[in-house]
Amino acid sequence: MASIDLNNVLDKAWADKSLPEIMAAPVAALRGISDRTGELLNEALGIKTVADLANLPYARWAQALAELDAAAK
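The rules behind each value
- Residues numbered from 1 in each chain as written.
- Predicted model: local features only at pLDDT ≥ 70, side-chain atom pairs only at ≥ 80, totals over all residues.
- Heavy atoms only, no water.
- Helix = DSSP H or I, 4+ residues; strand = E, 2+ residues; numbered from the N terminus.
- Areas by Shrake-Rupley, 256 points an atom, 1.4 Å probe, with all protein chains shown as cover.
- Lys, Arg positive; Asp, Glu negative; His and termini not counted.
- Charge placed at Lys NZ, Arg CZ, Asp CG, Glu CD.
- 1 Å grid on protein atoms, 1.4 Å probe; cavity = no way out; pocket = protein on both sides within 12 Å on 5 of 7 lines; lining within 4 Å.
- Points joined across faces, edges and corners; volume = space filled by probe spheres on them.
- Nonpolar A, V, L, I, M, F, W, Y, C, P; charged D, E, K, R; others polar.
- Phe/Tyr/Trp six-rings, centres within 6.5 Å; stacked < 30°, edge-to-face > 60°.
- Buried < 20%, exposed > 50% of the residue type's maximum accessible area, 1.4 Å probe, protein only.
- Contact = heavy atoms within 4.5 Å.

### Let's talk about the overall build of the protein
Next, step 1: Of the regular secondary structure elements, the protein holds 5 helices and 0 strands.
Next, step 2: Listing each helix as α and each strand as β along the protein from the N terminus yields α-α-α-α-α.
Next, step 3: Dimensions of the protein, computed from the C-alpha atoms along their principal axes, are close to 40 × 30 × 20 Å.
Next, step 4: Of the roughly 5,500 Å² of accessible surface on the protein, 58% is carried by carbon and sulfur atoms.
Next, step 5: Of the charged side chains in the protein, 7 are positive and 10 negative, and the gap between their average positions amounts to 2 Å.

Here it is in structure tokens:
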């Protein structure tokens, strides 16, 4: 089972929210993603929420490739 320290990955305003609220949150809820970056992600890839970003096929493919690369080393 995966675990993560929400304080390390979320903007402080979102750290006490439930997981369903976080998944429905704008991508700017993630630490390091500004409102402007969120707007650009929406314009370029149609990403509006954390869930949209998590389900982005390109991100999943890149993650799978990174795991294959790490396993090959």
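### Side note on the layout of surface pockets
Next, step 1: Taken as a whole, the largest pocket spans an internal volume of roughly 370 Å³.
Next, step 2: Residue lining of the largest pocket: 13 residues in total, with Ile 4, Leu 6, Val 9, Met 23 and Val 50 positioned closest to the centre.
Next, step 3: Listing elements by their share of the lining of the largest pocket, those giving two or more residues are helix 1 (6-9), helix 2 (19-24) and helix 4 (50-54).
Next, step 4: The residue inventory of the lining of the largest pocket, partitioned by class, reads 12 nonpolar, 1 polar and no charged.

### Notes on the packing of aromatic side chains
Next, step 1: For the coordinates displayed, the defined rule picks out 1 aromatic pair.
Next, step 2: Arranged with centres 5.4 Å apart and planes meeting at 90°, the rings of Tyr 58 and Trp 61 form a pair that is edge-to-face. Taken together, the residues span about one helical turn, with Tyr 58 and Trp 61 both in helix 5 (residues 57-72) at a distance of 3 residues. The same class applies to Tyr 58 as to Trp 61, namely exposed.

### Things to note about the environment of Pro 26
Next, step 1: Of note, Pro 26 is situated in the loop between helix 2 and helix 3 (35-45).
Next, step 2: With relative accessibility at 43%, the residue Pro 26 sits in the partly exposed group.
Next, step 3: Note: C-alpha distance between Pro 26 and Arg 36 (10 residues apart in sequence) is 11 Å.
Next, step 4: Among residues more than four places away in sequence, those in contact with Pro 26 are Trp 14, Lys 48, Thr 49 and Val 50.

### A look at the environment of Asp 11
Next, step 1: Secondary-structure assignment places Asp 11 in the loop between helix 1 and helix 2.
Next, step 2: We classify Asp 11 as partly exposed; its relative accessible area is 37%.
Next, step 3: Linking Asp 11 and Ala 28, residues 17 residues apart in sequence, is a C-alpha distance of 7.7 Å.
Next, step 4: Setting aside chain neighbours within four positions, we find Asp 11 in contact with Ala 28, Ala 29, Leu 30 and Arg 31.

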